[in-house]
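Observations on the model geometry
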Amino acid sequence: MQISGNLLIGQRSVRGSHGEIRAIDPTHGATLEPVFGGAAYADLDEACALAAQAFDTYRETSLAKRSAFLEAIADNVLELGDTLIARCMSETGLPRARIEGERARTVGQLRMFAALVREGDFLGVRIDPAMPERQPMPRVDLRLRHIALGPVGVFGASNFPLAFSVAGGDTASALAAGCPVVVKAHSAHPGTSELVGRAIQRAVHDCGMPEGTFSLLFDSGLEIGQALVNDARIKAVGFTGSRRGGTALMGIAAARAEPIPVYAEMSSINPVLLFPQALSTRAESIAREFAAALTMGSGQFCTNPGLILAVEGPELERFIAAATAALTDTQASPMLTPDIHRAYETGVERMAVHPDVVTLLRGSSDALHGGRPALFATNAEAFRRASELHDEIFGASSLIVRCPDLATMRALLERLDGQLTVALHIDENDHADAQTFVRTIERRAGRIVVNGFGTGVEVGHAMVHGGPYPATSNGGSSSVGSLAIKRFLRPVSYQDMPEALLPDALKTTNPLSLNRRMDGKLQLRR
Ligand code: NAP
């Protein structure tokens, strides 16, 4: 399939006239063809108008039809074959295996949402039947279901060009909920975005969905993205990226006449707690796993381990020696964009010159924009005082904090910002100590990992990829896994509505055969 550089507005392919976007191959520094035209305000207006028009029809398409639509997107993405893989590799510098794995994840999550929609439990149906004879007051008939929020604006992420981009988790969960989607493509991978956008556009057509169910815009600056968040027809936003970008969009959304939720996944340093017994018995193997988790994808995972807390002593020194050796052997690959590489180098440099920080390792790389790993150490007191040491450095950089005892480790954890993950390395003899940390960790993180690292994120039903601010803007949900659909739904209660006017999901006869809570009791479909 030929990449046109055009915007996709509903079923149309439109040349953007507001500035240009060019993809860069981060491995060679070369500019890639074609030139992408940036959207003008009129293009945004059209995409939002179509999305608003589509909303009522799309959200009431049958569960079977919506589910088939999500599956059609998955099939169409796969059908792009090597064209998609090759373009994505050249726009991101990521290796083939990673891109193919990410495509499998993208397709897998679309299919997971298709199954979720078909089953219908996400509607959360509850029926409290009327009790006309109840004393002293009769009870009304109340029926609840969840409906879609409205058109959703999605910002594609740089670090997951497929799984968190145009047809990624935010889009898949919003479409599953019944929300039309307007995507603002990430400027780092416009060709990948267009290819995937066309796969969705074709599925909209083939499945008979309303035209405005999906649009894709390119932005030559920041204005169109900001205007998307500001558009009164957009009712929620999905975002993955920097804390600065995420909080800017949160500010715009909050200042609207009708404020809307922004589900932003932003920054996390993913603390790792090394407990004494685990360190004593397997410092070296934990260190090797740590090095692999830190450098995976050039460190460009929001869940990579940016902070190690451990009690000082010879066991921790064994860990440091083994981690340094493992990181020295790592060949750094190019980072996703020159800007991300520049931001990483700046963050590492800031850490290196900090008066309370010692540089343990600065890895090497032959690659252009190589994400050379960096390992630093400091002491607990300095870490407690210097909040700048708590900031995310997006890339393969980690800070080890030597603590005098476990109580200090717990006190430091207590002071940290919200995190996507906290990992504990424990042996059986550490269980009693670890138990004293669990409540604190639950308050600080979305996911608690034992004897592993949070870097890999499984897509499933029990996954939480979220956490308190600034890990995310809203710790009440997850941006990965089936729970993500919850972000784009809201409950509506129908009081004394005649059966003929009720949506099928709430009819007494249960024509959709849904599981439901009847008068408080779970009633399973036959
Ligand atoms: P980013 O700069 O926050 O950009 C993400 C998306 O939001 C892009 O589409 C960007 O537009 C747009 N955007 C950013 N600021 C905006 C603003 N003020 N108004 C409107 N739109 C805005 O993130 P990135 O490009 O992916 O990477 C840059 C840095 O983000 C990294 O160095 C890293 O620090 C951080 N990051 C963190 C995570 C994480 O999960 N924790 C993931 C990725 C990146 P453009 O396409 O025009 O740039």
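Residues numbered from 1 in each chain as written. Predicted model: local features only at pLDDT ≥ 70, side-chain atom pairs only at ≥ 80, totals over all residues. Heavy atoms only, no water.

**Let's talk about the domain arrangement of the protein chain**
Looking at the protein chain, the domain boundaries give domain 1 (36-128 + 141-266 + 477-487) and domain 2 (271-450). The C-alpha centroid of domain 2 is placed 33 Å from the C-alpha centroid of domain 1. Between domain 1 and domain 2, the contact holds eleven residues from the first and twelve residues from the second. Counting the surface domain 1 buries against domain 2, the share from its top three residues, Ser158, Asn159 and Glu265, is 38%. If you look at where domain 1 meets domain 2, you find one salt bridge. In this structure, the salt-bridge partner of Asp417 is Arg243, at a minimum N-O distance of 3.6 Å. Taken together, domain 1 and domain 2 are joined by one residue pair in polar contact (both at pLDDT 80 or more). (Domains from an automatic or database assignment. Contact = heavy atoms within 4.5 Å. Buried area = accessible area lost by both parts, 1.4 Å probe. Salt bridge = Lys/Arg side-chain N within 4 Å of Asp/Glu carboxyl O. Polar contact = N/O pair within 3.5 Å; in protein donor to acceptor, adjacent residues only side chain to side chain.)

**Topic: the sheet that holds strand β22 (residues 516-518)**
With mixed pairing, five strands are arranged side by side in an open sheet as β21-β8-β7-β22-β23. The strands lining the two open edges of the sheet, one partner per strand, are β21 (489-495) and β23 (521-523). Strand-to-strand twist in this sheet, taken as the mean axis angle between neighbours without regard to direction, amounts to 30°. (Pairing = 2+ DSSP bridges. Helix = DSSP H or I, 4+ residues; strand = E, 2+ residues; numbered from the N terminus. Axes fitted to C-alpha atoms, helices over the stretch in contact; angles between N-to-C directions.)

**Things to note about the site of the ligand**
Taken together, 24 residues lie near the ligand, and Ser158, Ser187, Ser242, Met266 and Cys302 sit nearest. In the environment of the ligand, an oxygen atom lies 2.8 Å from a nitrogen or oxygen atom belonging to the side chain of Ser187. With respect to the ligand, the side chain of Ser242 contributes an N or O atom lying 2.6 Å from an oxygen atom. Contact with the protein chains covers 85% of the free accessible surface of the ligand, which is 860 Å². Residue assignment for the shell around the ligand shows that the elements contributing at least two residues are β12 (236-240), α8 (243-255) and α11 (338-352). Of the residues that constitute the shell around the ligand, the class distribution is ten nonpolar, eleven polar and three charged. (Near = heavy atom within 4 Å. Areas by Shrake-Rupley, 256 points an atom, 1.4 Å probe, with all protein chains shown as cover. Nonpolar A, V, L, I, M, F, W, Y, C, P; charged D, E, K, R; others polar.)

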